[in-house]
Amino acid sequence: MSFIKIPNILFDFYEAGYERSRNAGSGHKTAKQKIKYYNLEPVDFCVYVYFLSCGGFFNQKRIIRKCKTIAAHCGIKDLKTIRASVDRLSASGLIEKRHRFNQWGHYAANGYQAISHLDGGFFMFDKDYLRHKMSVSEMCVLLYLNRCRNSEDPLFACPSISKMCFALNLSKNTVRKSIRQLIQKLFIRKEQYISGQGDFGNNRYRLYSPYERHMLLQAFRRFRKGISSVLKRFFNSRKRAAEAVRIFSSCFAWQAWQIFCLPFMSAGVGQKAPNTS
């Protein structure tokens with residue numbers, strides 16, 4: 001198990017006050033505007049985290065990568081998107097890009113080094129997350145949820161949808177869809193929060209480490225195998241038993257396990273999240 005140090009300032013913002021006129025002749029009203037320190041696109045987060053993962057824990061290693069290699073690891077097909085993202089990161093001072101040439105004077109793969117020593121502290125992100133296949137928006141949402149871990153209970157995060165949209169430059173529908181996909185893939189679990197007065201608050205998200213996810217998936221496979229064996233004995237004399245078992249195992253068993261078994265099992269599985277600074 002290895003971790004990456006990701007600066008908090010990538011997702012943070014500050015509020016600046018400015019005056020705007022309410023109506024003609026009625027004076028001015030002071031308002032606050034949220035301004036991000038780094039105005040990055042969603043693909044920029046994925047590319048920057050990939051560079052951090054290649055540079056080691058202290059990120060003192062310069063790496064040499066082709067655009068095709070970066071695109072394959074980030075799940076992006078268009079090479080122009082990767083080149084534009086690298087240019088934005090280089091202009092923002094988050095990476096150092098160095099052109100390389102071969103012995104005949106032609107362009108070779110560029111050299112990169114991610115700059116991780118930024119103000120504002122950092123949070124730890126498990127490197128094993130990068131081995132799983134996720135879209136750009138899903139990776140961004142997972143990164144931000146790890147950034148917003150609760151200091152009192154580091155297994156949970158409770159950011160609002162609007163904050164995630166502003167920090168990641170994503171729409172609300174995209175954020176909600178990414179959350180549903182992460183729940184389906186068992187990277188997080190969503191819990192509804194209701195205060196003592198009966199008011200609804202921000203949802204709480206239980207974050208699973210790759211090790212916890214692996215253990216829970218093994219438990220689900222055992223659960224599905226047990227249900228399949230019961231159904232096979234029940235429909236032993238019919239030819240349609242195999243099709244019924246396949247449909248139930250692939251569809252209904254997953255929902256039933258998530259509703260009835262997962263909340264009780266995940267309480268005792270896994271490890272505590274790493275401390276952030």
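Look a little higher up for the structure.
A brief report on the enclosed structure follows. Starting afresh in each chain, residues are numbered from 1 along the sequence in its written order. Whole-chain, interface and lining totals are the exception, using all residues; otherwise, since this is a predicted model, local features are given only for residues with pLDDT of at least 70 and side-chain atom pairs are given and counted only at 80 or more. Only heavy atoms go into the side-chain values, all of them from the structure, while hydrogens and water stay out.

### Here's the deal with the pairing of strand 6 (residues 107–114)
- Among the eight residues in strand 6, six count as buried, and that is most of the element.
- Strand pairing is assigned whenever DSSP identifies at least 2 bridges connecting the two strands. Segments assigned H or I by DSSP are reported as helices when at least four residues long, segments assigned E as strands when at least two residues long, and all are numbered from the N terminus. Note that strand 5 (residues 95–101) and strand 6 share six bridges and pair antiparallel. Bridge pairing in strand 6 links Arg100 to Ala108.
- Counted along the chain from strand 5 to the antiparallel partner strand 6, the turn is five residues long, and its residue Gly105 has a positive phi close to 85°. Relative accessibility under 20% of the residue-type maximum defines a buried residue, over 50% an exposed one, and the middle range a partly exposed one, all with a 1.4 Å probe and only protein chains included.

### Examining the layout of surface pockets
- A volume near 400 Å³ is recorded for the largest pocket.
- A pocket, in this scheme, is an open set of points on a 1 Å grid over the protein atoms alone with protein on both sides within 12 Å along at least 5 of 7 lines, while a cavity is a set where a 1.4 Å probe fits but cannot get out; residues line either one if an atom lies within 4 Å of a point. Lining the largest pocket are 17 residues; nearest its centre among them are His73, Cys74, Leu130, Arg131 and His132.
- For the lining of the largest pocket, the secondary-structure elements that each account for two or more residues are helix 1 (42–54), helix 2 (67–74) and helix 4 (136–147).
- With four residues, the top contributor of residues to the lining of the largest pocket is helix 1.
- The class makeup of the residues in the lining of the largest pocket is nine nonpolar, five polar and three charged. Grid points are joined across faces, edges and corners, and a volume is the space filled by probe spheres set on the points. Here the nonpolar group is Ala, Val, Leu, Ile, Met, Phe, Trp, Tyr, Cys and Pro; Asp, Glu, Lys and Arg are the charged ones; every other residue, Gly included, is treated as polar.

### What to know about the side chain of Ser85
- Its location among the elements puts Ser85 in helix 3 (residues 79–91).
- Residue class for Ser85 comes out buried when judged on its relative accessible area of 0%.
- The criterion used for residue contact is that any of the two residues' heavy atoms lie within 4.5 Å. If we ignore the near neighbours within four places in the chain, the residues touching Ser85 are Val43, Asp44 and Val47.

### Regarding the environment of Phe122
- For Phe122, the location among the structural elements is in strand 7 (residues 122–126).
- Exposure remark for Phe122: the relative accessible area of 25% places this residue in the partly exposed category.

### Digging into the state of the cysteines
- In this description, the term disulfide denotes a pair of cysteine sulfurs within 2.5 Å. Under the counting rule described, the total for this entry stands at zero disulfides.
- Looking at the unpaired Cys148, the closest cysteine sulfur is the one in Cys158, lying at 8.2 Å.

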